[in-house]
Structure formats: C-alpha cells, structure tokens
Amino acid sequence: MSKVKPFKLGFVDFATKDVGKLKNYYTEIMGYKFVEQDNEGKVYLSNGLDHHNIVISPCENNGVQSYGYQLDGQMSLEDVQKQLKAQGIDSSIKRDAKPGLSEFLELTDPAGNLLQLYLKMDEAAIGFGSSGILPFKLGHVAFHAENYAKTIDFYQEVLGFHFTDMIGPNLANFLTCNADHHVINIVKSNQTKLHHIAFQLKDASHHITSADYLVKNGYPILWGPSRHTAGHNIASYHHDPDKNLIELYTDMDIYIPELNIFEPRPWHKELPQKPKQWNSVSSWETEFTNNLGAL
Ligand SMILES: [Fe+2]
C-alpha cells in the first residue's frame, strides 16, 4: 500500500499586520520575485519556478498562517484523505481556493499548525531575481510545539518523515522528508509558534556577502555564522521586519535513508555520522545567544 509522502517544504504563509513591509523584505532583501496579489490582499512570491514559496497574508497578528508540503504524487488527494481518516485525522480537500494551487488537502498537525498538502503547483517560471540575497531554496522550518511528542509521532508515522538528530534530551528534534538533514525541527514547548525558517545559500562566500547586505540594510546578524552540531550546517540568524527569525545556511548534512547515516564530511567527528543526540548547538563551540529563543 502506498504511503503519504511529502518530499519538499513548498511554501510558508506568513500572517502579518504590515504586508508592504514584509513584502519589501522578501523581495528587496531576500530577492524573491513578486508573482501576484489576490483579492484578499495576499501576496505570492516565488524564487523562480514555483508559483509561490512565500505567501504574505494580511492579518491582525504576526506569525505563520500555514505551511505547504508537496507530495510525491503516488497517491491522489482523495486516497491521502482516506488514509488520514483511517488514522483518525480529519482533513478537507480545497479546490480553486487560492492562486497557484488548483487543489490541496488541508489539515492540522497535533501542535496546531495548519498544513496544506498538494501534488502539483503551477509554475511561475519567472526565473531567479537579479538582486538581493537570492537563496537557492526555502529549506526548513523550526517551530515550538505544544503536544510535542504527539507532533513528532505525527510527522514520522503519518507523513513518513525520518528522525535524523536530537538536541536534547528531548529539546529539539530534527526530521526530514528528503535528503536534507532536516526539513522540520520541532522544539519542545507549551505554546506552538515559529522558531525560525531557513533558506539555503550557495556557499560561504554567498553567506558573507549576504551578511554584508543585511547589515547595510538594517538587519543585524544575531548569531553566527557558526557550524551547527545537528546537521553541521553553517548558519547565521537575523530577524525579518516582523521579528520572525530567519536562518541562512550552507553545508547541511545529506541524509542517506538506506544506510541511516549522513554522507561523510571532513568536519564530522564520527565516521560514519549517524543520527544521534547532541548536547550543544554549535560544533565550533560558539555561544548561542538567548535572544534567538530557547533552544
Ligand atoms: Fe535551522
């Protein structure tokens, strides 16, 4: 029997009190391209191919409204819905409900995050931008989760994610649905909210020019660049105008599910490097400042 299989974090839909300010950041600073604004005032931005990777929605609060995951296409949305139902999870199929996605399946994870699962997104096919940071892709999301244990179970048992590492015991759990070390990082909490979202850069040089560009435009670097333990990504963090924490990274571990190891890298202290529990955040022993939220 086929299984529900997301393979990509397709988009993040930000709620914001100030659409213009956030749109300006994701276009002028991050380099995403404007695709369209719908009649509800939602702004759709693309990094080149997909109709949208970032959505900015007018709201009375700031935060994340929903996350979109693309499924591998082995099951119809109706069959996905049936399988979820058999596991006691309600969902609804929405058609012609938003630009770029003719249909998607909407459900809520045990932490309360709204998820939209889809098979196919329209192509914006407008190409990469020519100014701004221009990340390769939206890589992962980290969120504080109430119902922490149930949420981890959900992503593993229902959506087929692999566990790849833990900072812990039981502080942050890293899960993936593709070859990247993590697509989701679930942080134990009694309140569900975004911890950070992360964009992949091309290399260290890109990281440095991005940091220069951010600072020049009034976005100070809050931590890093430093190499993480879990994932070994070189990461730096800053805030977008809504104080959403944004990570830029390179060099993330590549997971090989067939072997349950990561592709060997010169900076790994263990060969083979396997999923494990880490007790610190930086493999360079850089101090991780508290203003990034508890981790
Ligand atoms: Fe991250």
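Residues numbered from 1 in each chain as written. Predicted model: local features only at pLDDT ≥ 70, side-chain atom pairs only at ≥ 80, totals over all residues. Heavy atoms only, no water.

Regarding the pairing of strand β8 (residues 114-118)
A large share of β8 lies buried, amounting to 4 of its 5 residues. Here 4 bridges tie strand β5 (residues 63-71) to β8, and the two strands are oriented parallel to one another. Across the sheet, the residue bridging to Gly68 is Gln116, located in β8. Relative to β8, strand β7 (residues 101-108) is paired through 4 bridges, and the arrangement is antiparallel. Residue pairing in the sheet places Thr108 in a bridge with Leu114 of β8. Hairpin geometry of β7 and β8 is characterised by an intervening segment of 5 residues between the two adjacent antiparallel strands and by a positive phi of about 100° at Gly112. (Buried < 20%, exposed > 50% of the residue type's maximum accessible area, 1.4 Å probe, protein only. Helix = DSSP H or I, 4+ residues; strand = E, 2+ residues; numbered from the N terminus. Pairing = 2+ DSSP bridges.)

Here's the deal with the sheet that holds β5
Across the sheet, 8 strands lie side by side as β2-β3-β4-β1-β5-β8-β7-β6; this open sheet has mixed pairing. Among the strands making up the open sheet, the edge pair consists of β2 (33-37) and β6 (92-98). On average, each strand axis in the sheet is inclined to that of its neighbour by 30°, with strand direction left out of account. Pairing geometry for strand β1 (residues 6-16) and β5, over 8 bridges, is antiparallel. Bridging from a neighbouring strand, Asp13 pairs with Ser66 of β5. Running at roughly 165° to strand β4 (residues 54-58), helix α1 (residues 19-29) makes contact with β1, β2, β3 (43-46) and β4 of the sheet. (Axes fitted to C-alpha atoms, helices over the stretch in contact; angles between N-to-C directions. Contact = heavy atoms within 4.5 Å.)

Focus on empty space enclosed by the protein
Counting across every chain of the model gives 1 cavity of 30 Å³ or more. The space that makes up the largest cavity amounts to roughly 80 Å³. For the largest cavity, the lining is made up of 13 residues, of which Phe174, Asn185, His196, His228 and Tyr237 are closest to its centre. A per-class count over the lining of the largest cavity returns 6 nonpolar, 6 polar and 1 charged. (1 Å grid on protein atoms, 1.4 Å probe; cavity = no way out; pocket = protein on both sides within 12 Å on 5 of 7 lines; lining within 4 Å. Points joined across faces, edges and corners; volume = space filled by probe spheres on them. Nonpolar A, V, L, I, M, F, W, Y, C, P; charged D, E, K, R; others polar.)

What about the environment of Ile246?
For Ile246, the position within the fold is in strand β16 (residues 245-250). The exposure class assigned to Ile246 is buried, which follows from its relative accessible area of 0%. Residues Ile246 and Ala198, spaced 48 residues apart in sequence, show a C-alpha to C-alpha distance of 5.8 Å.

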